[in-house]
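Residue-level structure breakdown
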Amino acid sequence: MSTSWQDPKAVSLMLDDCETWAVVGLSGDPGKTAYEIAQLLQSRGKRIVPIHPSAPTVLGEQGYATLADVPFPVDVVDVFRRSESAGEFADQAVAIGARGVWFQLGVVDEDAFSRTTEAGLAMVMDTCPAIEWRRRG
């Protein structure tokens, strides 16, 4: 595993300085990890934006079918998709001017990491905000 995938500066930027998190794959199913993490993000003062093809309202926030549909700036694109389909959301994050991309635990796409960081965005892969906040104590 490349430690650059979990650069502490990138993690800190997103956890400390970014407020609006688009959560790709977030549905209204409270049994899904994306739902639990979205709740955690809200409890930490973050605004969540559900990104799901059916655009549900989740945890009181209006959902959108795509990142391009979101009518306000997004700081972080948090991706709950399989590795083979996650890269397109990193590319979309670059296109919408996000500040960072977060691929959840088990999600790794080295090519997307290279493209995203070369475009100037912070990016982490294969970890979770809950894990990173716990590491801080």
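In what follows, the structure referred to is the one given above.
Residues numbered from 1 in each chain as written. Predicted model: local features only at pLDDT ≥ 70, side-chain atom pairs only at ≥ 80, totals over all residues. Heavy atoms only, no water.

**Concerning helix 4 (residues 110-118)**
Selection criterion: When accessible area is computed with a 1.4 Å probe and restricted to protein chains, residues below 20% of their type maximum are described as buried, those above 50% as exposed, and intermediate ones as partly exposed. Helix numbers and strand numbers start at the N terminus; a helix is a DSSP run of H or I with at least 4 residues, a strand a run of E with at least 2. The arc refers to the directions leading from the helix axis to the C-beta atoms. By definition, residues are in contact when any of their heavy atoms lie within 4.5 Å. Any pair of nitrogen or oxygen atoms within 3.5 Å is treated as a polar contact; in protein, a donor-acceptor pairing is required on top of that, and neighbouring residues in sequence qualify only through side-chain atoms on both sides.
When we look at burial in helix 4, the residues that qualify are Ala112, Phe113 and Thr116. Axial view of helix 4: buried residues confined to an arc of 100 degrees, hence all on one face. Along helix 4, exposed side chains directed more than 90 degrees from the buried face belong to Glu110, Asp111 and Glu118. Elements that come into contact with the buried residues of helix 4 comprise helix 3 (83-96), strand 4 (100-103) and strand 5 (122-124). Where helix 4 starts, the residue carrying a side-chain oxygen 3.1 Å from the main-chain nitrogen of Asp111 turns out to be Asp109.

**With respect to the pairing of strand 3 (residues 76-79)**
Applied cut-off: Strand pairing follows a simple DSSP-based rule, namely that at least 2 bridges must link the two strands. Assignment of crossover handedness uses the view with strands pointing away from the viewer, where a clockwise path from the first strand over the helix to the second indicates a right-handed crossover.
Neither face of strand 3 is exposed, since Val76 and Asp78 on one face and Val77 and Val79 on the opposite face are all buried. For strand 1 (residues 20-24) and strand 3, the ladder comprises 4 bridges, and the chain directions are parallel. Residue pairing across strands places Trp21 opposite Val76, the latter belonging to strand 3. As judged from the 4 bridges shared by strand 3 and strand 4, these two strands associate in the parallel manner. Note that in strand 4 the partner of Val79 across the bridge is Phe103. You can see the chain leave strand 3, run along helix 3 and come back into strand 4, and the turn it takes is right-handed.

**As for the packing of aromatic side chains**
Note the following rule: Ring geometry is summarised as follows: Phe, Tyr and Trp rings, the Trp one being its six-membered ring, pair when their centres sit within 6.5 Å, and such pairs are stacked at plane angles under 30 degrees, edge-to-face over 60 and tilted between the two. Working rule: Lys NZ or Arg CZ, within 6 Å of ring centre, within 35 degrees of ring normal, means a charge sits over the ring.
Here the structure, examined in full by the defined rule, presents 2 aromatic pairs. Plain terms: the ring middles of Trp21 and Trp102 are 5.7 Å apart, the flat faces sit at 45 degrees to each other, and that makes the pair tilted. One end of the pair, Trp21, is in strand 1; the other, Trp102, is in strand 4, with 81 residues separating them in the sequence. Judged on exposure class, the residue Trp21 and its partner Trp102 are both buried. Ring geometry for Tyr64 against Phe72: centres 6.2 Å apart, planes inclined by 80 degrees, an arrangement best described as edge-to-face. Exposure remark for Tyr64: the relative accessible area of 17% places this residue in the buried category. Seen from the ring of Phe72, Arg47 lies directly overhead, with NZ or CZ sitting 3.9 Å from the centre.

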